Protein chains: 2
Amino acid sequence: MLTESEREELALQMLMDVLGAISESKLEEVEIIATCPKDELVEKLKLHGGVDLKLRLKVRVKEDRRGLNELLNDVIGKEQEPVLIIMADIPLATPRSINELIEHEEVVVIAPGRKGGTNALFLRRPYDFSVSYYGISCAEHIEMAKKRNLSYAVYDSFFISTDIDEIDDLIELLIHGKGFSAAYIRSIGIVLRMDKNLKTRALIERS
Amino acid sequence: MLTESEREELALQMLMDVLGAISESKLEEVEIIATCPKDELVEKLKLHGGVDLKLRLKVRVKEDRRGLNELLNDVIGKEQEPVLIIMADIPLATPRSINELIEHEEVVVIAPGRKGGTNALFLRRPYDFSVSYYGISCAEHIEMAKKRNLSYAVYDSFFISTDIDEIDDLIELLIHGKGFSAAYIRSIGIVLRMDKNLKTRALIERS
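As a starting point, this report considers the structure included with it. What you are looking at is a predicted structure, and each value in this text was computed from that prediction instead of being measured. (Residues numbered from 1 in each chain as written. Chains lettered and ligands numbered in written order. Predicted model: local features only at pLDDT ≥ 70, side-chain atom pairs only at ≥ 80, totals over all residues. Heavy atoms only, no water.)

## Overview of the side chain of S161 of chain A
What counts is decided by this rule: A helix here means a DSSP run of H or I that spans at least four residues, while a strand means a run of E at least two residues long, and both kinds are numbered starting from the N terminus. When a residue's accessible area, from a 1.4 Å probe over protein chains only, is under 20% of the maximum for its type it is buried; when over 50% it is exposed; and in between it is partly exposed.
The topology assignment puts S161 of chain A in helix α7 (residues 158-161). Judged by relative accessible area, which is 1%, S161 of chain A ranks as buried.

Below you can see the structure in the form of structure tokens.
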């Protein structure tokens, strides 16, 4: 349904939405880890109003093409301050959900994604933890907290759980999205269609 | 993947899970609206330990085969006390999520289901509202609140958003479920399989 360049643009718009939510949360600093060339991403973010964010949020971009586990475990192993690891494809995340997540007292807070993912992971003592993003990562992160004797909580958020990686996920974005990425998919003609005869409550179509 | 009698049993076990969560919440009274014969459901609930619930929760069962909107609008039109309308197929609902939902100050609180559904709807002044459960009901309920000038909130809960009506939804039940319905599907050999080569993070299989 989407071309490759549209998928790239959507990914960028979703990143903007997540950065927007972070910039209105209590977080003050963010590091984006990108697998694309750093300068390219910085340019694109500037074009899309990323400069405005800078006023409220310190943003750094780092290019790193290692596997997710390897690179994150490298980062958190050296980190003394609390860290929130949040995915860039959850455009419905709100400042409120981010704040509630990081206000938990537990040492590890896991916000599940659908189908066993971990869409946000808050670590009060990152150097004590080790991430495992493949498989049913939310279960693996719970096991890791238990194994290392760290207190943990599962943070219950529909908006954070909604990662956009399949066509049907755009239903949630069209219904609940108020940000850049929802506006973008509307602008390229992605619409909801209701089919009351089908069991599915809404379908995605391109007009 | 499930036979008709297994689907019926699963529906009953999910109802038990939702009743269990309600019985541990601040709610004190529940009315189950059933489309099956009342006596049959009461018998089944008793067999499944429904008697224990009675100690903590006043449960009534009412048989009503009208359409959901017609019957609910009839009920809320006459209701003076706050009402929570909650679906029976959301077995991950927790006492905490129910309490947080009903503690909102707004007159209308909508907990979305996936694909535009409304999985829980709290009405402080039920007689002032009118439900519309077909189509994108969570958007329709927001519109209704606006039209009637009632304050409203969207309650953000992954566990309440997870209604079980497709095979893939069982993934969430197996990963996060701690109640009757998760135990039931495990007992009939429904398991998770990981396929790290596929994009999907987990698959449902029958062993």
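From this point, the discussion proceeds with the structure in view.
## Re the interface of chain A and chain B
Here is the rule: Note on definitions: a residue-residue contact is assigned when non-hydrogen atoms from the two residues lie within 4.5 Å. Two parts placed together each lose some accessible area; with a 1.4 Å probe, that loss summed over both constitutes the buried area. We define a salt bridge as a side-chain nitrogen of Lys or Arg found within 4 Å of a carboxyl oxygen belonging to Asp or Glu. Here a polar contact means two N or O atoms within 3.5 Å. Within protein one must be a hydrogen donor candidate and the other an acceptor candidate, and residues neighboring in sequence count only if both atoms are side-chain atoms. The nonpolar class holds Ala, Val, Leu, Ile, Met, Phe, Trp, Tyr, Cys and Pro. Asp, Glu, Lys and Arg form the charged class, and all remaining residues, Gly among them, are polar.
Opposite the 33 residues of chain A that make contact, chain B presents 34 residues. Buried area between chain A and chain B, both sides added, is near 2800 Å², and the carbon and sulfur share of it is 58%. Our enumeration of links across chain A and chain B arrives at 2 salt bridges. Between D168 of chain A and K115 of chain B there is a salt bridge, with its nearest N and O atoms 3.2 Å apart. There are 10 residue pairs in polar contact (both at pLDDT 80 or more) connecting chain A and chain B. For the side of chain A that touches chain B, the secondary-structure elements that each account for two or more residues are α5 (95-102), α7 and α8 (169-176) of chain A. The element best represented in the side of chain A that touches chain B is α8 of chain A, accounting for 4 residues. Of the residues in the side of chain A that touches chain B, the class split is 11 nonpolar, 11 polar and 11 charged.

## Some remarks on the sheet that holds strand β3 (residues 83-86) of chain A
Strands pair in a sheet through their backbones, by hydrogen bonds, and they do so in one of two ways: parallel or antiparallel. Residues and elements named next belong to chain A. For the record, the criterion: A pair of strands counts as paired when DSSP detects no fewer than two bridges linking them. Axis lines are fitted to C-alpha atoms, over the contacting stretch for helices. Their N-to-C directions set the angle, which ranges from 0 to 180 degrees.
Spatially, the 4 strands line up as an open sheet ordered β3-β5-β4-β6, and their pairing is mixed. Of all strands in the sheet, those with a lone pairing partner are β3 and β6 (152-154), marking the two edges. Recorded for the sheet is a direction-independent mean angle of 10 degrees between the axes of neighbouring strands. Direction of pairing for β3 relative to strand β5 (residues 118-123): antiparallel, over a ladder of 4 bridges. Bridge pairing in β5 places L84 opposite F122. Along the sheet, helix α6 (residues 137-147) contacts β4 (108-112), β5 and β6; its crossing angle with β4, the most-contacted strand, is approximately 165 degrees.

## Let's talk about the nonpolar core
Across soluble globular proteins, nonpolar side chains show a tendency to be buried alongside one another. Applicable threshold: We call a set of buried residues a nonpolar core when its members are Ala, Val, Leu, Ile, Met, Phe, Trp, Tyr or Cys and they connect through side-chain atoms within 4.5 Å of each other.
Membership of the largest hydrophobic core comes to 39 residues, with the highest contact counts inside it found for I85, V108, L121 and F129 of chain B. Per element, the largest residue contribution to this core is 5 residues, and it comes from α8 of chain A. If near-sequence neighbours (up to four positions away) are discounted, L121 of chain B is found in contact with V83, L84, I85, V108, V109, I110, F129, V131, Y133 and H141 of chain B.

## Describing the side chain of S25 of chain B
Residues and elements named next belong to chain B. Mapped onto the secondary structure, S25 falls in the loop between α1 (4-23) and β1 (29-34). Overall, the relative accessible area of 10% leaves S25 in the buried class. Polar side-chain contacts of S25 include one of 3.1 Å to the backbone nitrogen of L27. Apart from the residues lying within four places of it in its own chain, the contact partners of S25 are P95, I98 and N99.

## Concerning the environment of L15 of chain A
Residues and elements named next belong to chain A. In this structure, L15 sits in helix α1 (residues 4-23). When the C-alpha atoms of L15 and I90 are compared, they prove to be 8.1 Å apart, with 75 residues separating the residues in sequence. Setting aside anything within four residues of it in sequence, one finds L15 in contact with I32, L41, L45 and A88.

## What to know about the packing of helix α8 (residues 169-176) of chain B against helix α9 (residues 180-187) of chain B
A packed helix pair is summarised by two numbers, namely the angle formed by the two axes and the spacing between the axes. All names here are of chain B. Applicable threshold: Oblique is the label for any angle not covered by the other classes, which are roughly parallel (under 35 degrees), roughly antiparallel (over 145) and roughly perpendicular (65 to 115).
Running from N to C, α8 and α9 cross one another at 110 degrees; their axes reach a closest spacing of 9 Å. Comparing their axes, α9 and α8 come out roughly perpendicular. Only S181, A182, I185 and R186 of α9 make contact with α8, whose side of the interface consists of L170, L173 and L174. Looking at the contact of α8 with α9 residue by residue, the class counts come to 5 nonpolar, 1 polar and 1 charged.

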